[in-house]
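# Survey of secondary and tertiary structure
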Amino acid sequence: MEKENTKLNSDYVECKLGDLLTIERGGSPRPIKDYITEDKNGVNWIKIGDATNSGKYILNTIQKIKPSGLKNSREVFPGDLLLSNSMSFGRPYIMGINGAIHDGWLVIRDNKHIDKNYLYHALGSPFVYNQFSKNAKGSTVRNLNIDIVSEVNIRLDSLPEQRAIAAKIEELFSDLDKGIDDLKQAKDQMVIYRQAVLKKAFEGELTKEWRENQINLLSADELLEQITEEREKHFKQQIENWKKAVKDWEKNGEKGKKPSSISKPKIIVDVKEDDIKDYEVLPNIWKWSRFGNVTYKIGDIDHKMPKTEEGGLPYLSTGNIKADGKIDFNNAKTISREDFERLALKIKPEKGDIIFPRYGTIGRNILIDFDKEFLVSYACAIIKNITKLMDPKFVLYYSLSPTIKKEIQRYTVQTTQANIGIASIELFVFPLCSKEEQHQIVKEIESRLSVCDKVEQSINDSLKKAKALRQSILKKAFEGKLLSSAEIARCKQEKDYEPAAVLLEKIKEEKKKK
């Protein structure tokens with residue numbers, strides 16, 4: 001397809017990318033591990049992760065290969081343009097160094113008649129990307145190949161107009177990127193502010209005036225006595241439930257695993273001065289306690305994974321706990337009612353409890369504020385709140401506070417996957433105050449964080465608009481709507497100006513001779 005525009009101010013043709021440029025696929029010497037080298041004279045081995053933060057240039061690589069690997073790979077040079085051909089397919093990069101590419105890349109060789117920045121933006125434009133997306137092969141993993149890329153329709157402007165279009169895109173993008181950076185900094189400040197609010201809240205600062213106007217507030221010591229009594233009552237009820245479960249198991253011919261016995265509530269050691277030396281002094285009627293002493297229980301279920309049963313009850317893993325504080329039940333494993341009842345005897349998440357991930361993304365905690373039957377794998381701890389005496393939101397916000405982040409750092413075991421034990425979570429220091437003050441602290445926190453939520457939503461909306469604006473700029477650029485008539489006229493006065501149709505024929509002729 002070749003179409004010349006007839007508008008007075010425009011000078012372009014549409015053609016196939018393969019008519020303009022040489023497109024080649026990368027290759028990998030195998031087995032690749034035999035070719036990886038730490039020799040500084042090795043050949044740069046290009047991977048997706050080697051792209052710069054701007055996403056435009058590749059200027060260095062993490063790995064190198066032996067020069068002998070080049071015969072089974074594809075060498076690339078500064079100015080060449082790379083296209084990823086699988087996964088995040090169709091994303092362009094400009095080479096700033098020499099190197100070699102594997103078969104996950106296509107290379108479009110540098111051409112003196114096409115401005116590389118113009119080509120980079122053209123390939124990233126909605127018009128071209130939509131063609132890539134429509135024609136990409138595969139279902140689960142979609143990919144491009146030389147034939148698909150060669151058949152993509154692309155706009156070709158005269159060389160001076162190419163330079164002018166690319167320069168204007170870069171100018172607009174630069175302004176846009178500055179605005180995006182400012183928005184991201186503002187978003188980072190919101191994170192800092194949230195942590196500052198939580199820090200002050202659990203030092204008693206947010207309720208200082210409120211506390212001074214109260215009379216007969218329960219002291220932390222008095223509340224701790226009530227908590228200890230309630231924990232003992234709860235334990236006795238658990239024992240009764242367990243005895244009943246064992247009888248039912250025996251009546252059923254002792255099928256399956258015997259219900260696990262119930263552990264007596266632990267009394268965690270008192271807080272020592274050394275445990276809180278890095279924290280602020282609490283108000284007089286508050287008290288440093290331990291997480292394990294102010295909850296019914298902190299625990300997890302049996303570590304042996306139950307079998308999957310389609311249509312059963314949800315059995316969550318850390319992967320089902322999302323960064324936005326939501327639980328993904330739709331993609332959760334499901335287990336039988338029998339396994340559910342057996343495992344739930346040890347610990348069962350209920351409304352008012354907290355899910356505390358303790359592997360990988362430690363501390364991405366969620367308050368269960370709904371009624372639903374489900375279990376959580378041993379990768380998470382369940383914090384059983386004593387809702388009669390403790391405000392669950394107070395406990396949740398404290399579990400997200402800077403103090404708990406420090407406690408996590410203190411006790412985390414750094415292995416291949418960072419993790420923290422139940423006993424360590426029980427040892428976390430806890431600033432205990434009356435339930436009345438807990439309620440007030442939650443109000444103070446939420447009044448401030450609600451403002452944060454609105455500001456963050458506004459920032460996120462602006463970031464989405466910025467992303468859309470970037471695509472709008474590219475769309476206009478390759479529809480011939482970005483340059484003004486005066487700018488186009490100046491381009492036509494350049495010494496190297498020639499009509500796009502003439503330029504295309506020149507490129508085709510030179511391509512035939514290669």
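Residues numbered from 1 in each chain as written. Predicted model: local features only at pLDDT ≥ 70, side-chain atom pairs only at ≥ 80, totals over all residues. Heavy atoms only, no water.

Okay, the packing of helix H9 (residues 392-399) against helix H12 (residues 435-477) next. Two elements in contact, H9 and H12, have axes whose closest approach is 9 Å; the angle formed by their N-to-C orientations is 55°. As judged from the angle between their axes, H9 and H12 are oblique. Here the hand of the crossing between H9 and H12 comes out left-handed. On H12, the residues touching Lys 393, Phe 394 and Tyr 397 of H9 are Gln 438, Ile 441, Val 442, Ile 445, Glu 446 and Leu 449. (Axes fitted to C-alpha atoms, helices over the stretch in contact; angles between N-to-C directions. Helix = DSSP H or I, 4+ residues; strand = E, 2+ residues; numbered from the N terminus. Parallel < 35°, antiparallel > 145°, perpendicular 65-115°, else oblique. Left-handed = near helix turned anticlockwise from the far one by under 90°. Contact = heavy atoms within 4.5 Å.)

With that settled, consider the sheet that holds strand E8 (residues 74-76). With respect to topology, 5 strands assemble into an open sheet ordered E4-E7-E5-E11-E8, the strand pairing being mixed. The outermost strands of the open sheet, each flanked by one partner alone, are strand E4 (36-37) and E8. Here E4 runs beside strand E7 (residues 63-65); their pairing, made up of 2 bridges, is antiparallel. Bridging from a neighbouring strand, Ile 36 pairs with Ile 65 of E7. (Pairing = 2+ DSSP bridges.)

All right, on to the pairing of strand E2 (residues 12-16) then. For E2, the buried fraction is high: 5 of the 5 residues fall into the buried class. Side chains Tyr 12, Glu 14 and Lys 16 of E2 all project onto a buried face; the interleaved residues Val 13 and Cys 15 project onto the opposite face, where all are buried too. As defined by bridge partners, E2 adjoins strand E13 (residues 153-157) across 5 bridges and the pair is classed as antiparallel. Across the sheet, Glu 14 pairs through a bridge with Arg 155, a residue of E13. (Buried < 20%, exposed > 50% of the residue type's maximum accessible area, 1.4 Å probe, protein only.)

Below, the discussion takes up the layout of surface pockets. Its boundaries defined by the atoms lining it, the largest pocket holds a volume of some 1200 Å³. Lining the largest pocket are 29 residues, with Arg 194, Ala 323, Asp 324, Gly 325 and Leu 400 positioned closest to its centre. With 5 residues, the top contributor of residues to the lining of the largest pocket is H12. Class assignment for the residues of the lining of the largest pocket results in 12 nonpolar, 6 polar and 11 charged. (1 Å grid on protein atoms, 1.4 Å probe; cavity = no way out; pocket = protein on both sides within 12 Å on 5 of 7 lines; lining within 4 Å. Points joined across faces, edges and corners; volume = space filled by probe spheres on them. Nonpolar A, V, L, I, M, F, W, Y, C, P; charged D, E, K, R; others polar.)

Further remarks concern the nonpolar core. Counting 48 residues, the largest nonpolar core has Phe 202, Phe 291, Phe 428, Phe 430, Leu 432 and Ile 445 as the members making the most contacts within it. Here this core gets 5 residues from one element, more than from any other, and that element is H9. If near-sequence neighbours (up to four positions away) are discounted, Leu 432 is found in contact with Ala 220, Leu 223, Leu 224, Ile 227, Trp 286, Lys 287, Val 294, Met 390 and Gln 438. Counting 46 residues, the second largest nonpolar core, distinct from the first, contains Leu 83, Leu 123, Phe 173 and Phe 478. (Core = buried A, V, L, I, M, F, W, Y, C linked by side-chain atoms within 4.5 Å.)

Moving on: the pattern of salt bridges. Applying the stated rule across the entire model yields 39 salt bridges. Between Arg 342 and Asp 302 there is a salt bridge whose closest N-O contact spans 4.0 Å. Of this pair, Arg 342 sits in helix H8 (residues 337-344) while Asp 302 is found in the loop between strand E15 (295-299) and strand E16 (313-316), placing the two residues 40 residues apart along the sequence. A relative accessible area of 15% places Asp 302 in the buried class. The salt bridge involving Lys 384 is made with Glu 350; its shortest N-O contact spans 2.7 Å. Linking Lys 384 in strand E21 (residues 380-385) with Glu 350 in the loop between H8 and strand E18 (354-357), this pair joins segments that are 34 residues apart in sequence. Through salt bridges with shared partners, a single network forms among Asp 300, Asp 302, Asp 339, Arg 342, Lys 346 and Arg 358. (Salt bridge = Lys/Arg side-chain N within 4 Å of Asp/Glu carboxyl O.)

Bringing the packing of aromatic side chains into the picture now. Scanning the entire structure with this criterion turns up 15 aromatic pairs. When the ring of Phe 202 is compared with that of Tyr 398, the centres are 5.2 Å apart and the planes differ by 65°; the resulting orientation is edge-to-face. Note that Phe 202 is positioned in the loop between helix H5 (159-201) and helix H6 (208-212) and Tyr 398 in helix H9, a separation of 196 residues in sequence. With respect to class, Phe 202 is no different from Tyr 398; both count as buried. Consider the rings of Phe 329 and Phe 370, whose centres lie 6.0 Å apart with planes at 85°: the pair is edge-to-face. Placement of the pair is Phe 329 in the loop between E16 and strand E17 (333-335) and Phe 370 in the loop between strand E19 (366-367) and strand E20 (375-376), with a sequence separation of 41 residues. For Phe 329, a relative accessible area of 22% gives the class partly exposed. Among the aromatic residues, ring-to-ring pairing joins Phe 202, Phe 291, Phe 394, Tyr 398 and Phe 430 into one connected group. The ring of Tyr 12 carries the charged tip of Arg 155 above its face, separated from the ring centre by 3.8 Å. (Phe/Tyr/Trp six-rings, centres within 6.5 Å; stacked < 30°, edge-to-face > 60°. Lys NZ or Arg CZ within 6 Å of the ring centre and 35° of its normal.)

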